[in-house]
Amino acid sequence: DVKVTQSSRYLVKRTGEKVFLECVQDMDHENMFWYRQDPGLGLRLIYFSYDVKMKEKGDIPEGYSVSREKKERFSLILESASTNQTSMYLCASTSGGYGYTFGSGTRLTVV
Amino acid sequence: QQQVKQSPQSLIVQKGGISIINCAYENTAFDYFPWYQQFPGKGPALLIAIRPDVSEKKEGRFTISFNKSAKQFSLHIMDSQPGDSATYFCAASRGSTLGRLYFGRGTQLTVWP
């Protein structure tokens, strides 16, 4: 069964910490995405990547960076976590834009 | 600027009824319109999708109706069941954008038994 795996289901971090969210897919997909999900705001795109070492900003990239050193792994980095980054983070992958596969999400709380 | 607008934000339907969720878009270059279903604690999962060369697509109790001239599409859930209670997202994309989907803000559907 193909899947997208996010390393943590729940995380609690302190303000100012550097936070790493990891995502791994086993489908050999080229394109990977990071979204955050907030009530009433839906899914907002943070960053995406269409190839190893390539990245593109989404709609809300401020305060985030990403890393894609290997095709199967896409990491989201919060350089200095703030309370307004408390959210559900979802990773997704696709081979061509049709039919995303999402991970189960990481619920991050910044205190 | 929101590329895809979805309504209603929440919907309560009685078991056996029809659930209808609507979406509208502006970018005429969009050529793929999927719907995603999300249960609590899970990521969204692809439910059904349509391309603009057809006006309707049906899979079981789920139907997408597509109106190209009005730039609108909708999800109909026939004979709604309590197990359909979830959050539904519409989305749109165009083939040249490296797979990027533009999502609506979601509709929380509750089906009462």
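Rules used throughout
- Residues numbered from 1 in each chain as written.
- Chains lettered and ligands numbered in written order.
- Predicted model: local features only at pLDDT ≥ 70, side-chain atom pairs only at ≥ 80, totals over all residues.
- Heavy atoms only, no water.
- Helix = DSSP H or I, 4+ residues; strand = E, 2+ residues; numbered from the N terminus.
- Rg over C-alpha atoms; globule rule 2.2 N^0.38 Å.
- Buried < 20%, exposed > 50% of the residue type's maximum accessible area, 1.4 Å probe, protein only.
- Contact = heavy atoms within 4.5 Å.
- Disulfide = S-S within 2.5 Å.
- Salt bridge = Lys/Arg side-chain N within 4 Å of Asp/Glu carboxyl O.
- Phe/Tyr/Trp six-rings, centres within 6.5 Å; stacked < 30°, edge-to-face > 60°.

Caption draft 1: How the structure looks around the overall build of chain A. Helices and strands together make up the secondary structure of chain A, namely 0 helices and 11 strands. In sequence order, chain A lays out its α and β elements as β-β-β-β-β-β-β-β-β-β-β. Computed over the C-alpha atoms, the radius of gyration of chain A is 13 Å, within 12% of the 13 Å expected from 2.2 N^0.38 for a compact globule of 111 residues. In terms of overall dimensions, chain A has a C-alpha envelope of 35 × 25 × 25 Å along the principal axes. Within chain A, the fraction of its 111 residues that count as buried is 50%. Contacts spanning at least 24 positions in sequence make up 53% of the contacts within chain A whose residues lie at least 6 apart.

Caption draft 2: Inspection of the state of the cysteines at higher detail. Residue and element names in this part refer to chain B. In this structure the tally under the stated criterion is 2 disulfides over all chains. The disulfide bridge from C23 ends at C90, spanning 1.8 Å between sulfur atoms. The disulfide joining C23 to C90 has a torsion of about -95° about its S-S bond and is therefore left-handed. Of this pair, C23 sits in strand β3 (residues 19-25) while C90 sits in strand β9 (residues 86-92); the two residues are 67 residues apart in sequence, bridging distant segments of the chain. Taken individually, C23 and C90 each receive the classification buried, so the pair is uniform in this respect.

Caption draft 3: Representation of the pattern of salt bridges. All names here are of chain A. Inspection of the entire model under this criterion finds 11 salt bridges over all chains. Linking K18 and E79 is a salt bridge whose minimum nitrogen-to-oxygen distance equals 3.7 Å. Here K18, found in the loop between β2 (10-13) and β3 (19-25), pairs with E79, found in the loop between β8 (73-78) and β9 (87-94); they are 61 residues apart in sequence, far enough to count as distant. Note that R36 and D38 form a salt bridge whose closest N and O atoms lie 2.9 Å from each other.

Caption draft 4: Focus on the packing of aromatic side chains. The final tally for this structure, using the stated rule, is 22 aromatic pairs over all chains. Grouped by ring-pair contacts, the aromatic residues F33, Y35, F48, Y100 and F102 of chain A together with Y36, F89 and F103 of chain B constitute a single cluster.

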